[in-house]
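Here is what each chain is made of, one letter per residue.
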Amino acid sequence: MIFKEAVNGSINSILTIAKVIIPLMILMEILRDFKFLDKLSDLLKPLARFLGLSKNSIFPLLIGLIFGLAYGAGVIIKSAKEGELQKKDLYLLMIFLVSCHSVFEDTLLFVAIGANGWLLLSFRLITAIILTIAVAKVFDKLFKTQEDTMKS
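Since the model is a prediction, treat every value here as computed from it, not as a measurement. (Residues numbered from 1 in each chain as written. Predicted model: local features only at pLDDT ≥ 70, side-chain atom pairs only at ≥ 80, totals over all residues. Heavy atoms only, no water.)

## Structural notes on the packing of helix α4 (residues 58-67) against helix α6 (residues 87-99)
To keep it simple, the criterion reads: Whenever a helix is involved, its axis is fitted only over the stretch in contact; in every case the axis is a line through C-alpha atoms, and angles between N-to-C directions fall within 0 to 180 degrees. Each helix is a run of H or I in the DSSP string that is no shorter than four residues. Each strand is a run of E no shorter than two, and both are numbered from the N terminus. An angle below 35 degrees is treated as roughly parallel, one above 145 as roughly antiparallel, one from 65 to 115 as roughly perpendicular, and anything else as oblique. Should the near helix be turned anticlockwise from the far one by less than a right angle, the crossing is left-handed, and should it be turned clockwise, the crossing is right-handed. Whether two residues are in contact is decided by their heavy atoms: any pair within 4.5 Å suffices. Note on residue classes: Ala, Val, Leu, Ile, Met, Phe, Trp, Tyr, Cys and Pro are nonpolar, Asp, Glu, Lys and Arg are charged, and everything else, Gly too, is polar.
Where α4 contacts α6, the axes come no closer than 10 Å and their chain directions differ by 20 degrees. Regarding the angle of α4 to α6, the classification is roughly parallel. At the point where α4 passes α6, the crossing takes the right-handed sense. Contact with α4, carried on its side by Pro60, Leu61, Gly64 and Leu65, involves Leu93, Phe96 and Leu97 of α6 and no other residues of that element. Looking at side-chain class alone, the contact of α4 with α6 contains 6 nonpolar, 1 polar and no charged residues.

## Let's talk about empty space enclosed by the protein
To keep it simple, the criterion reads: Each cavity reported here is a set of points on a 1 Å grid over the protein atoms alone in which a 1.4 Å probe fits but cannot get out, each pocket an open set with protein on both sides within 12 Å along at least five of seven lines, and each lining residue one with an atom within 4 Å of a point. Grid points are joined across faces, edges and corners, and a volume is the space filled by probe spheres set on the points.
The full count for this structure, using the stated rule, is 1 cavity of 30 Å³ or more. Its volume calculated, the largest cavity comes out at about 30 Å³. Lining of the largest cavity is provided by Leu44, Leu47, Ala48, Ile58, Leu61 and Leu62. Taken together, the elements giving at least two residues each to the lining of the largest cavity come down to α3 (45-51) and α4. At 3 residues, the largest contribution of residues to the lining of the largest cavity is made by α4. When grouped by side-chain class, the residues that make up the lining of the largest cavity number 6 nonpolar, no polar and no charged.

## Let's talk about unusual backbone geometry
Glycine aside, residues mostly have negative phi, and peptide bonds are mostly found in the trans state. We count it as follows: The classification of residues rests on relative accessible area computed with a 1.4 Å probe and restricted to protein chains. Under 20% of the type maximum is buried, over 50% is exposed, and intermediate values are partly exposed.
Backbone geometry at Lys35 places phi at a positive 65 degrees, although glycine is not the residue there. Given a relative accessible area of 49%, Lys35 falls into the partly exposed group.

## What to know about the side chain of Thr107
By the secondary structure assignment, Thr107 is in helix α7 (residues 103-112). Residues contacting Thr107, with those up to four places away along its chain left out, are Ser102, Gly117, Leu120, Leu121 and Arg124.

## A few points about a nonpolar patch on the surface
Note the following rule: In this analysis, a patch consists of residues with relative accessible area above 30% that form no salt bridge, clustered at 9 Å for like charges and at 5 Å for the nonpolar side chains Val, Leu, Ile, Met, Phe, Trp and Tyr. All accessibility values rest on the Shrake-Rupley procedure with a 1.4 Å probe; residue burial counts only the protein chains present in the view. By definition, a salt bridge exists where a carboxyl oxygen of Asp or Glu is found within 4 Å of a side-chain nitrogen of Lys or Arg.
On the surface, Phe3, Val7, Ile11 and Leu15 cluster together to form a nonpolar patch covering roughly 400 Å² of accessible area. Along the chain, Val7 turns up in helix α1 (residues 2-33). With a relative accessible area of 32%, Val7 lands in the partly exposed category.

## Overview of α4
In terms of residue burial, α4 counts as a mostly covered element, since 7 of its 10 residues are buried. For α4, the full list of buried residues reads Ile58, Phe59, Pro60, Leu61, Ile63, Gly64 and Leu65. The inward-facing, buried residues of α4 abut α1, α2 (36-43), α3, α5 (69-81), α6 and α7. With its phi angle positive at about 105 degrees, Gly68 sits one or two positions after the end of α4.

## What to know about the pattern of salt bridges
Counted under the stated rule, the structure contains 5 salt bridges. When the shortest N-O distance is used, the salt bridge between Glu82 and Lys78 registers 2.4 Å. When its relative accessible area of 38% is taken as the criterion, Glu82 is described as partly exposed. Note that Asp106 is salt-bridged to Arg124, the shortest N-O span being 3.5 Å. Here the residue Asp106 occupies a position in helix α7, and Arg124 occupies one in helix α8 (residues 117-151), the gap between them amounting to 18 residues. Note on accessibility: Asp106 and Arg124 belong to one class, buried. Three or more residues are tied together by salt bridges with common partners; here these are Glu29, Lys78 and Glu82.

In structure tokens:
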């Protein structure tokens, strides 16, 4: 009985995620074909650079911010498999999104139970930005040290 419920629950969860991820992937391909992602990436390039990310990280970052970790992970995995993201980008995306994901849904849920939405959203964004920038600087130092060692 419990096993049957677990299997049914898992299948329902997978189907629910697929209902969102598959259309997102199709939309992503359409946006890529019409060069919309390139325009969006160029527009948000200063933000990516500020966070230590490449411009190819912008779309997965936005999806994770808006739709959450599960859906953002689908886009991140696809982008990584296509070779669009470096390891540094993957780590920084995950660090940012762990702190700040699904900003609309989560914020509205907490507002519904009495939290201050602006305070919550501000704290999450500031935390994500500070953590991501700090780790990006550490990565840059590590990579620079490795390059210096390899040159010697």
